[in-house]
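As a plain string of letters, each chain reads:
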Amino acid sequence: QDGSPIAALKRNVYQAAFAGTQGWIAAFERPKITNPENPDRILLIDPSTDQIRASLTSAHRLNALAASADRKLLAIAGDDQRVTILDADPLTELHRFRAHDAAITALKFHPSNPILATGSADFSIRLWDYSTATLRQTFLGLDGRPVTMSFSPNGKMLAVDGMERAFRIYEVEADD
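Because the structure is a prediction, the values reported are computed rather than measured.

Novice: Would you mind going over the pairing of strand β2 (residues 24-29) in detail, with residue names and values included?
Specialist: Among the 6 residues that make up β2, 6 are buried, leaving the element largely enclosed by the rest of the structure. Where burial is concerned, the two faces of β2 agree: the one with W24, A26 and F28 and the one with I25, A27 and E29 are both buried. Alignment of strand β1 (residues 13-19) against β2, held across 5 bridges, turns out to be antiparallel. What sits directly across from A17, in β2, is A26. Hairpin connection, β1 to β2: the antiparallel pair is bridged by 4 residues, and G20 has positive phi, about 80 degrees. When β2 meets strand β3 (residues 41-46), the two strands line up antiparallel, connected through 5 bridges. Bridging from a neighbouring strand, E29 pairs with R41 of β3.

Novice: With reference to specific residues and values, describe the sheet that holds strand β13 (residues 146-151).
Specialist: Taking strand neighbours across the sheet as the criterion, the 3 strands line up as β13-β14-β15 in an open arrangement whose pairing is antiparallel. Looking along the sheet, the strands with just one partner apiece sit at the ends: β13 and β15 (167-171). Strand-to-strand twist in this sheet, taken as the mean axis angle between neighbours without regard to direction, amounts to 20 degrees. Alignment of strand β14 (residues 157-162) against β15, held across 5 bridges, turns out to be antiparallel. Residue pairing in the sheet places A159 in a bridge with I169 of β15.

Novice: How would you explain the pairing of strand β6 (residues 73-78) if you had to name every residue and give the values?
Specialist: Regular strands have side chains that alternate between both faces of the sheet. Burial runs high along β6: 6 of the 6 residues are buried. Going residue by residue along β6, you find L73, A75 and A77 tucked away on one face and L74, I76 and G78 tucked away on the opposite face as well. Across 5 bridges, strand β5 (residues 62-67) lies against β6 in antiparallel orientation. By the bridge assignment, A66 is partnered in β6 with A75. The hairpin turn running from β5 into β6, its antiparallel successor, is 5 residues long, and R71 in that turn takes a positive phi close to 65 degrees. Taken together, the 5 bridges between β6 and strand β7 (residues 82-87) define a ladder with antiparallel strand orientation. Across the sheet, L73 pairs through a bridge with D87, a residue of β7. Between β6 and β7, which follow one another and run antiparallel, lie 3 residues, and Q81 among them has a positive phi close to 70 degrees.

Novice: An account of unusual backbone geometry is requested, with residue identities and associated values reported.
Specialist: For residues that are not glycine, phi is negative in most cases, and the peptide bond is trans in most cases. Residue Q81 is not a glycine yet carries a positive backbone phi of 70 degrees. Of note, the phi angle at L91 is positive, near 60 degrees, even though the residue is not glycine. Within the secondary structure layout, L91 lies in the loop between β7 and β8 (92-98).

Novice: Tell me about the layout of surface pockets, and name the residues and values.
Specialist: The space that makes up the largest pocket amounts to roughly 190 Å³. Lining the largest pocket are 17 residues, and of these S58, L62, I76, T84 and R96 lie nearest its centre. Looking at the lining of the largest pocket, the elements with two or more residues in it are β4 (51-57), β6, β7 and β8. Here the residues of the lining of the largest pocket are counted per class, giving 7 nonpolar, 5 polar and 5 charged.

What counts, and at which threshold
Residues numbered from 1 in each chain as written. Predicted model: local features only at pLDDT ≥ 70, side-chain atom pairs only at ≥ 80, totals over all residues. Heavy atoms only, no water. Buried < 20%, exposed > 50% of the residue type's maximum accessible area, 1.4 Å probe, protein only. Helix = DSSP H or I, 4+ residues; strand = E, 2+ residues; numbered from the N terminus. Pairing = 2+ DSSP bridges. Axes fitted to C-alpha atoms, helices over the stretch in contact; angles between N-to-C directions. 1 Å grid on protein atoms, 1.4 Å probe; cavity = no way out; pocket = protein on both sides within 12 Å on 5 of 7 lines; lining within 4 Å. Points joined across faces, edges and corners; volume = space filled by probe spheres on them. Nonpolar A, V, L, I, M, F, W, Y, C, P; charged D, E, K, R; others polar.

Following this line, the structure appears as structure tokens:
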């Protein structure tokens, strides 16, 4: 390989992830000028053709996207403080719940359990059982909004990087 990309999306997209069983790319599309006539959208894009296979419009600004380890689920969130869990292939809503008291800025699925980590501009991290919207654990003490999160391969630790440029590692409670 010469390091050249095998595909390049010619769209105004960000926060991309592989999703679904077809090898598509899920990504946010934000218009250059935000107004009610041009809302944020989540797109499923065929990377080999740059064709949109499905799309979903959001009434709120979208900030965070995560795909489950098996790529069957997507989580999206933004300024409305809610998390939406989507079936990745048809891009249909499965669950929606309020997760924070400020905009959600980061999301990450647990590698093996039905847990979703959410990070917010309220300076907290929360772990949810996303299938029931049950809060499992809360981490406080951030000095800024979380930007990225990553679970350890065994799912026992969660690393968080935030706007204050401090990297933190939290221990995740064991399953009962």
